[in-house]
Each structure stands twice: as structure tokens, then as C-alpha cells.
Amino acid sequence: QVKVVESGGGLVQAGGSLRLTCVASGRPFGSYAMAWFRRTPGKDLELVVTVGWSDGDIYYADSLEGRFTAIRYTAETMGLQMNKLKPEDTAVYYCASGRYMSIHREAYDDWGQGTQVTVSS
């Protein structure tokens, strides 16, 4: 079974930073993309970043304005460094694993339960 677990969420003041971590166990090494999505109550799920296995295969949502950095440490593990956080970044952040890089949530087969990020002003 594939298990996806996010960690690192919490409460932070605007302008601060957080680092999220995702571990997706049970997938073959080097075979799958990973991604971060986020959801704010009342809004649709939106892509944050999708990361392939190869270095440089990273796509960020334009709305992030260069404030977030994703790192694919291994086939199973990736981080999301979030800097200059804004109140509008408040959301549940979900990690997902899929067969290929995509901006579309349908491409991802396995999802974590999410980790809450709250940015106060």
C-alpha cells in the first residue's frame, strides 16, 4: 500500500517561513512524480508545485511569486520551503504522488491527509 504523510505545518506570522515534508512510501524508486496542492475552505484545490524525479523537473504555480521552493530528496521524500508567508497562504497543504508531473490533480493517485498551515497577520 502507498502511504503519503505530510508534516511541518503550523502557525506562523506573516513574513515568516515554514518547511513542510512529505514522505510517500510504497512507490517504486524513481518512477513517480510528487506534488503539493493546497486548499482553502470555499476554494478549489490548487497546485503549489509538482516535482519529477530528475533534477530541474519542477513546476511552480505562478501565484507563489517565487516564495516557495520544493526539493525532491528521494523518490519517496520531498520538502517544501515556504518563505515570506502571507495570510492568503493559509490552507491545508496536501502531498500527492502520481505517475507523471502534471498541474492537474487527476494525475495523482495517492494523497496524504494534509497539514494545516496558518499564517497570521
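The text that follows walks through the structure, step by step, so that each part is easy to find. If you're wondering where the values come from, they're calculated on a predicted model, not measured in any experiment.

1. Description of the overall build of the protein
Part 1 of the reasoning: For the protein, the helix and strand inventory stands at zero helices and 11 strands.
Part 2 of the reasoning: For the protein, the N- to C-terminal ordering of α and β elements is β-β-β-β-β-β-β-β-β-β-β.
Part 3 of the reasoning: In terms of overall dimensions, the protein is globule-like: its C-alpha atoms have a radius of gyration of 13 Å, near the 14 Å expected for 121 residues.
Part 4 of the reasoning: Taken across its 121 residues, the protein has 44% of its residues classed as buried.
Part 5 of the reasoning: In the protein, 57% of the contacts between residues at least 6 apart in sequence involve partners at least 24 apart.
Part 6 of the reasoning: Counting 12 positive and 13 negative side-chain charges, the protein places the centres of these two groups 4 Å from one another.

2. Quick notes on the pattern of salt bridges
Close approach of charged atoms lets side chains of opposite charge pair.
Part 1 of the reasoning: Inspection of the entire model under this criterion finds six salt bridges.
Part 2 of the reasoning: For the salt bridge of Lys86 with Glu65, the shortest nitrogen-to-oxygen distance reads 2.7 Å. Here Lys86 is found in the loop between β8 (77-82) and β9 (91-98), whereas its partner Glu65 is found in the loop between β6 (58-60) and β7 (68-72), with 21 residues between them in sequence.
Part 3 of the reasoning: Ionic pairing is found between Asp109 and Arg99, a salt bridge with its closest N-O pair at 2.6 Å. One end of the pair, Asp109, is in strand β10 (residues 108-111); the other, Arg99, is in the loop between β9 and β10, with 10 residues separating them in the sequence.
Part 4 of the reasoning: Connected via shared salt-bridge partners are Arg38, Glu46, Glu65, Arg67, Lys86 and Asp89.

3. Observations regarding a nonpolar patch on the surface
Part 1 of the reasoning: There is a patch of nonpolar side chains on the surface, built from Tyr59, Met101 and Ile103 and spanning about 250 Å² of accessible area.
Part 2 of the reasoning: Mapped onto the fold, Tyr59 is located in strand β6.

4. Describing the environment of Met78
Part 1 of the reasoning: Looking at where Met78 falls in the secondary structure, it is placed in strand β8.
Part 2 of the reasoning: For Met78, a relative accessible area of 0% translates into the label buried.
Part 3 of the reasoning: Setting aside chain neighbours within four positions, we find Met78 in contact with Leu20, Thr21, Cys22, Met34, Ala35, Trp36, Val51, Ile71, Arg72, Tyr73 and Cys95.

5. Here we look at the pairing of β7
Part 1 of the reasoning: Alternating residues of β7 divide into Phe68, Ala70 and Arg72, all buried, and Thr69 and Ile71, none buried.
Part 2 of the reasoning: Two elements, β7 and β8, share five bridges in a ladder whose sense is antiparallel. Residue pairing for β8: Ala70 is matched across the bridge by Leu80.
Part 3 of the reasoning: Turn length for the β7-β8 hairpin, with the two strands adjacent in sequence and antiparallel, is four residues.

6. A word on unusual backbone geometry
Part 1 of the reasoning: One non-glycine residue with positive phi stands out, namely Glu65, at about 60°.
Part 2 of the reasoning: Residue classification places Glu65 among the exposed residues on the basis of a relative accessible area of 55%.

7. A short note on the environment of Val12
Part 1 of the reasoning: Mapped onto the elements, Val12 comes out in strand β2 (residues 10-13).
Part 2 of the reasoning: Separated by 108 residues in sequence, Val12 and Ser120 have C-alpha atoms that sit 6.3 Å apart.
Part 3 of the reasoning: Not counting residues up to four positions away in its chain, the partners in contact with Val12 are Ser17, Leu18, Leu85, Thr118, Val119 and Ser120.

The rules behind each value
- Residues numbered from 1 in each chain as written.
- Predicted model: local features only at pLDDT ≥ 70, side-chain atom pairs only at ≥ 80, totals over all residues.
- Heavy atoms only, no water.
- Helix = DSSP H or I, 4+ residues; strand = E, 2+ residues; numbered from the N terminus.
- Rg over C-alpha atoms; globule rule 2.2 N^0.38 Å.
- Buried < 20%, exposed > 50% of the residue type's maximum accessible area, 1.4 Å probe, protein only.
- Contact = heavy atoms within 4.5 Å.
- Lys, Arg positive; Asp, Glu negative; His and termini not counted.
- Charge placed at Lys NZ, Arg CZ, Asp CG, Glu CD.
- Salt bridge = Lys/Arg side-chain N within 4 Å of Asp/Glu carboxyl O.
- Patch = residues over 30% accessible without salt bridge, like charges linked within 9 Å, V, L, I, M, F, W, Y side chains within 5 Å.
- Areas by Shrake-Rupley, 256 points an atom, 1.4 Å probe, with all protein chains shown as cover.
- Pairing = 2+ DSSP bridges.

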